[in-house]
Amino acid sequence: MSATDIARQVGEDCRTVPLAGHVGFDSLPDQLVNKSISQGFCFNILCVGETGLGKSTLMDTLFNTKFEGEPATHTQPGVQLQSNTYDLQESNVGLKLTVVSTVGFGDQINKEDSYKPVVEFIDAQFEAYLQEELKIRRVLHTYHDSRIHACLYFIAPTGHSLKSLDLVTMKKLDSKVNIIPIIAKSDAISKSELTKFKIKITSELVSNGVQIYQFPTDDESVAEINGTMNAHLPFAVIGSTEELKIGNKMMKARQYPWGTVQVENEAHCDFVKLREMLIRVNMEDLREQTHSRHYELYRRCKLEEMGFKDTDPDSKPFSLQETYEAKRNEFLGELQKKEEEMRQMFVQRVKEKEAELKEAEKELHEKFDRLKKLHQDEKKKLEDKKKSLEDEMNAFKQRKTAAELLQSQGSQAGSSQTLKRDKEKKNLGFL
């Protein structure tokens, strides 16, 4: 019997029995609270929206502080994600808050791929958590969970409809993160326009199949307020860290020539509703949804890509060990096959190289033979020419000797004739 079958049988054999007295495990909730408080909490918010919609100001307003961060430059050619982590303390509860902002989102002329850096960032956080889970020695209790728990999507207060960029981005993100759409700087349009704009946004989200985060209604303690707040989505918000004196109180507000807009006045905007839903009521559900829904979907897809399954074709449960061994054997088989292919390819390339070298060697030998023959022919020609020249030189010498001999004989004959004439002249003179 496998371990899975044993566990199933143990679950089926579980019985309910009464207690004769107090045991003490009813203190478990208190123990969990104390442990959670001592460990602290983390919450990660992703702010997506075009430049100038007040993302940083709204974060400062939500958490009633001034987050110190480097000012973002909007000169990059693409979208950059800027992440800042802060340690917050309220009463005895510590919160490690990470705020991620999309710098340059919507600034480009071609906005076709603006969503890709955002998707890649979210997947990178899932991948980091998955790698930590797959380690032999895991330290998840001290691991800083950087997975995005909530995505505040800032919509420009145009009063008309959602931009194509907004629809495409939210469609790409809805299976990876809890999206809460908000209309930024909602005081830029009138109340009647704002009501119509909300209806238009909701209609477009539904018609395009975009799944936004719905506040849970399964818990009776928050079912009524969450059900009411779901009907108010998207929230129309205003952010401001400036405090003005209104009546006898100092309140966060925005001063205009025509009057004052109070941030925490629900008649002016939905900021209080957003803060209630995001922080005070549903923060833990957002964390839970991120882990149990979005991360589990990413993890399942990754494991399926690696070949892991829960059941075999016969719907029988798989054990992790068997799956691992099967995948390991499959991998080793593929590795051996690739190794054999590489060896065959190497042998083939060696043979091809040897053939090329032999062909080159043959060509060299032929070239050498041609040059050798050419050299011999040239040498023979030179020898023949040398012999011809030597023969010409010998003939010339012979002709020269003969000429000299003839010249010598001629000179002797001339001398004898001269003597003879002189003698005759002498004899004539004597007479």
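Let me begin by describing the structure that accompanies this report. (Residues numbered from 1 in each chain as written. Predicted model: local features only at pLDDT ≥ 70, side-chain atom pairs only at ≥ 80, totals over all residues. Heavy atoms only, no water.)

**Here's the deal with helix α4 (residues 116-133)**
Inference 1: Compared with the 26 Å implied by 1.5 Å per residue over 18 residues, the 26 Å span of α4 between its first and last C-alpha is a close match.
Inference 2: The set of residues buried in α4 consists of V118, V119, F121, I122, D123, Q125, F126, Y129, L130, E132 and E133.
Inference 3: Elements in contact with the buried residues of α4: β1 (41-48), β2 (80-90), β3 (93-103), α5 (164-173) and α9 (283-305). (Helix = DSSP H or I, 4+ residues; strand = E, 2+ residues; numbered from the N terminus. Expected span 1.5 Å × (residues − 1). Buried < 20%, exposed > 50% of the residue type's maximum accessible area, 1.4 Å probe, protein only. Contact = heavy atoms within 4.5 Å.)

**Let's talk about the sheet that holds strand β9 (residues 259-262)**
Inference 1: The strand order across the open sheet built from 3 strands is β7-β8-β9, with neighbouring strands paired in antiparallel fashion. Whereas interior strands pair on both sides, the edge strands pair on one side only; in this sheet they are β7 (243-246) and β9. Across the sheet, the mean angle separating the axes of adjacent strands is 65° when strand polarity is ignored.
Inference 2: Sheet analysis places strand β8 (residues 249-256) next to β9, joined by 4 bridges and oriented antiparallel. Following the sheet pairing, Q255 is matched in β9 by T260. (Pairing = 2+ DSSP bridges. Axes fitted to C-alpha atoms, helices over the stretch in contact; angles between N-to-C directions.)

**Concerning the packing of aromatic side chains**
Inference 1: Under the criterion given, the structure shown has 10 aromatic pairs.
Inference 2: With a centroid separation of 5.1 Å and 85° between ring planes, the pair formed by Y129 and Y295 is classed as edge-to-face. Here Y295 lies in helix α9 and Y129 lies in helix α4, a separation of 166 residues in the sequence.
Inference 3: With a centroid separation of 6.1 Å and 20° between ring planes, the pair formed by F215 and F235 is classed as stacked. Residue F215 is found in the loop between α6 (191-207) and α7 (220-230), and its partner F235 is found in strand β6 (residues 235-236); the two are separated by 20 residues along the sequence. With respect to class, F215 is no different from F235; both count as buried.
Inference 4: Connected via pairs of aromatic rings, a cluster forms that spans F126, Y129, Y143, Y295 and Y298.
Inference 5: Its guanidinium or amino end placed over the ring of Y129, R147 lies 3.7 Å from that ring's centre, counting from NZ or CZ.
Inference 6: For the cation-ring pair, R147 lies above Y295, with the distance from its terminal atom to the ring centre recorded as 4.9 Å. (Phe/Tyr/Trp six-rings, centres within 6.5 Å; stacked < 30°, edge-to-face > 60°. Lys NZ or Arg CZ within 6 Å of the ring centre and 35° of its normal.)

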